[in-house]
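A closer look at the structure
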Amino acid sequence: LEEKMTRMALKAEFDRQCSSCKLADGGAGRRSSSSSNSSSKLVILDSMNYIKGYRYELHCISKSAGELHGIIWCLNDPEVAKRWNQNRRQRKQQDGNGGDKKGDDEFHTDKTMDELIMRYEPPDERNRWDKPLYTV
């Protein structure tokens with residue numbers, strides 16, 4: 001559900017930006033190429049883009065906006081990610097705030113972590129929507 005809300009919010013913001021660009025250009029719409037792009041905005045979407053269909057949607061949105069697009073893939077071992085999640089849960093419980101409240105110390109249940117890891121589809125630079133791919 002959270003992923004669906006993120007997609008809806010992203011699309012709504014994209015539509016708002018496109019509408020404002022059309023108004024600012026006198027209704028002509030925004031036409032830009034990578035060589036003449038004068039945009040001063042950088043959008044970093046820090047999200048769980050673990051499904052390639054979602055990354056494809058982001059590629060299509062940036063392409064329709066005439067903006068550049070890239071993927072930064074932060075490699076990590078699943079066991080390390082699980083350990084970090086358990087540490088966040090322990091910190092939250094020690095602070096007496098054991099709820100699953102959103103914030104810097106957000107954590108998932110072990111079952112959810114296993115499901116996320118199982119469903120993960122890593123980026124592949126052979127796919128046009130995963131290009132350019134920067135691996136960190």
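Model, not experiment: these values are computed from the prediction.

Section: the pattern of salt bridges
As a working rule, side chains carrying opposite charge can pair if their charged atoms are close by. Tallied over the full model, the rule gives 5 salt bridges. Notably, a salt bridge pairs Asp-130 with Arg-55, separated by 2.9 Å at the nearest N-O pair. Taken together, the residues Asp-130 in the loop between helix H4 (110-119) and strand S2 (133-135) and Arg-55 in helix H2 (residues 52-64) connect sequence positions 75 residues apart. Each member of the pair, Asp-130 as well as Arg-55, is classed as buried. Between Arg-126 and Asp-124 there is a salt bridge whose closest N-O contact spans 2.7 Å. Judged by relative accessible area, Arg-126 falls into the exposed class, the value being 70%. Residue classification places Asp-124 among the partly exposed positions, given a relative accessible area of 23%. By sharing partners, the salt bridges in this structure join Glu-79, Lys-82 and Asp-114 into a single network.

Rules behind the numbers
- Residues numbered from 1 in each chain as written.
- Predicted model: local features only at pLDDT ≥ 70, side-chain atom pairs only at ≥ 80, totals over all residues.
- Heavy atoms only, no water.
- Salt bridge = Lys/Arg side-chain N within 4 Å of Asp/Glu carboxyl O.
- Helix = DSSP H or I, 4+ residues; strand = E, 2+ residues; numbered from the N terminus.
- Buried < 20%, exposed > 50% of the residue type's maximum accessible area, 1.4 Å probe, protein only.

The values reported here are purely geometric and, on their own, carry no functional implication.
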